[in-house]
Amino acid sequence: MGKKRGRLIIISGPSGVGKGTVVSILMKKCDNLIKSVSITTRKPRAGEVDGVNYFFRSVDEYLAIKEKDGFLETFQIYGNYYGTPAEFVNRKLSEGKNVLLEIDVQGALEVKRKMPEALLIFIAPPSLEELKDRLKGRNTEDKESFKKRLSAAEAEIKRGSSYDFCVINDDAERAAEEIREIIERITLKQP
Ligand code: ADP
Ligand code: 5GP
């Protein structure tokens, strides 16, 4: 008998809500879960490592991958391209691994159309005020990028209502545990 195919899990939420923080706690809790590293044309932030946080590529390199149908989905946001590498995700799913994508709402809904079995989890802030404080506290964005991210947040939170689950990131450890339980429940039910 062939190996049971893994489950695709997509996590989205507005910039600064704590996706990166929650996902890094979650990855330590789950054995059979692997995170797909996206490809982007955005410049690395201080401390970000190529191949770990993202594959940082030039626009020309990005478009060459796109030309060869190398992306499961691709999206342009805040003036940069972001995309999910198709071959990696499909290979890991066939090997029976659950694969986690941390991508924006539009990309997530595009993947869901192609792969309806994907599990969509939205991370929401306790309030918009708190979101603003976190994004400010992270201190990674210039004024322009900060404004763009905040103004996108409200629309993203509205679109998040079409997700399978919504988890409030009030406390990162608690939110990661809630997501772990959701994944466990859903993957156990899977035939
Ligand atoms: P995202 O990946 O969604 O853009 P980050 O993980 O970078 O967000 O988190 C944004 C900021 O909020 C970081 O400074 C992080 O330490 C902080 N943060 C994350 N989760 C929480 C939480 N539950 N409570 C308070 N601060 C948090
Ligand atoms: P950041 O620049 O803060 O790392 O990411 C900006 C937004 O792009 C976040 O909402 C993040 O989830 C999203 N993102 C990261 N990688 C991808 C990807 O491969 N595809 C899509 N559609 N969005 C992505």
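The coordinates are above.
Below, the structure is looked at part by part. Computed from a predicted structure; not experimentally measured. (Residues numbered from 1 in each chain as written. Chains lettered and ligands numbered in written order. Predicted model: local features only at pLDDT ≥ 70, side-chain atom pairs only at ≥ 80, totals over all residues. Heavy atoms only, no water.)

A few points about the site of ligand 2
Phase 1 of the analysis: Surrounding ligand 2, one finds 16 residues, the nearest of these being S38, Y54, E73, Y82 and D104.
Phase 2 of the analysis: S38 places a side-chain nitrogen or oxygen 2.7 Å from an oxygen atom of ligand 2.
Phase 3 of the analysis: At a separation of 3.5 Å, an oxygen atom of ligand 2 approaches a polar backbone atom of E102.
Phase 4 of the analysis: If ligand 2 stood free it would expose 520 Å²; the protein chains cover 96% of that surface. (Near = heavy atom within 4 Å. Polar contact = N/O pair within 3.5 Å; in protein donor to acceptor, adjacent residues only side chain to side chain. Areas by Shrake-Rupley, 256 points an atom, 1.4 Å probe, with all protein chains shown as cover.)

Some thoughts on the site of ligand 1
Phase 1 of the analysis: Every one of the 14 residues lining ligand 1 counts as a neighbour, but G16, K19, T21, R138 and N169 are closest to it.
Phase 2 of the analysis: Between G20 and ligand 1, the recorded distance is 2.9 Å, taken from a backbone N or O atom to an oxygen atom.
Phase 3 of the analysis: For ligand 1, whose accessible area on its own is 570 Å², the fraction buried by protein is 71%.
Phase 4 of the analysis: When residues of the shell around ligand 1 are traced back to their parent elements, those giving at least two are α1 (19-29) and α5 (128-138).
Phase 5 of the analysis: Of the residues forming the shell around ligand 1, the biggest block, three residues, is contributed by α1.
Phase 6 of the analysis: Counted by class, the shell around ligand 1 contains three nonpolar, six polar and five charged residues. (Helix = DSSP H or I, 4+ residues; strand = E, 2+ residues; numbered from the N terminus. Nonpolar A, V, L, I, M, F, W, Y, C, P; charged D, E, K, R; others polar.)

A short note on the layout of surface pockets
Phase 1 of the analysis: In this structure, the largest pocket spans a volume of roughly 940 Å³.
Phase 2 of the analysis: Going through the elements one at a time, α1, β5 (71-77), β7 (98-102), α5 and α6 (143-159) are the ones with two or more residues in the lining of the largest pocket.
Phase 3 of the analysis: Ranked by residue count, the leading element in the lining of the largest pocket is α1, at six residues.
Phase 4 of the analysis: The class makeup of the residues in the lining of the largest pocket is 15 nonpolar, 13 polar and 12 charged. (1 Å grid on protein atoms, 1.4 Å probe; cavity = no way out; pocket = protein on both sides within 12 Å on 5 of 7 lines; lining within 4 Å. Points joined across faces, edges and corners; volume = space filled by probe spheres on them.)

A few points about the sheet that holds strand β6 (residues 80-85)
Phase 1 of the analysis: Strands sit in the order β4-β3-β6-β5 across an open sheet of four strands; the sheet is mixed. The sheet is open, and its two edges are formed by β4 (55-56) and β5, each paired on a single side.
Phase 2 of the analysis: In this structure, strand β3 (residues 39-40) lies alongside β4, joined through two bridges in parallel fashion. Residue I39 lies in a different strand from β4, and its bridge partner there is F55. (Pairing = 2+ DSSP bridges.)

Details of the pairing of β7
Phase 1 of the analysis: Burial of β7 is extensive: four of the five residues sit out of reach of the surface.
Phase 2 of the analysis: Looking at chain direction, strand β1 (residues 8-12) and β7 are connected through four bridges and run parallel. Considered in β7, the bridge of I10 is made with L101.
Phase 3 of the analysis: Sheet topology note: the strand β2 (residues 33-35)/β7 ladder contains three bridges and is parallel. Bridged to K35 within β7 is L100. (Buried < 20%, exposed > 50% of the residue type's maximum accessible area, 1.4 Å probe, protein only.)

Observations concerning the packing of α5 against α6
Phase 1 of the analysis: Closest axis-to-axis distance for the α5/α6 pair is 11 Å, and the angle between their directions is 145 degrees. Crossing angle aside, the handedness with which α5 passes α6 is right-handed. In this structure, α5 contributes L128, L131, K132, L135, K136 and R138 to the contact, and α6 contributes F146, R149, L150, A153, E154 and I157. (Axes fitted to C-alpha atoms, helices over the stretch in contact; angles between N-to-C directions. Left-handed = near helix turned anticlockwise from the far one by under 90°. Contact = heavy atoms within 4.5 Å.)

Concerning the sheet that holds β1
Phase 1 of the analysis: Within the open sheet, the five strands sit side by side as β2-β7-β1-β8-β9. Their pairing is parallel. Unpaired on one side and paired on the other, β2 and β9 (165-168) mark the two borders of the sheet. Within this sheet the neighbouring strands show an average axis-to-axis angle of 25 degrees, counted without direction.
Phase 2 of the analysis: One ladder, built from four bridges, connects strand β8 (residues 119-124) with β9; its direction is parallel. Bridge pairing in β9 places A124 opposite I168.
Phase 3 of the analysis: Seen against the sheet, helix α4 (residues 105-114) touches β1, β7 and β8 and runs at an angle of roughly 160 degrees to β1.

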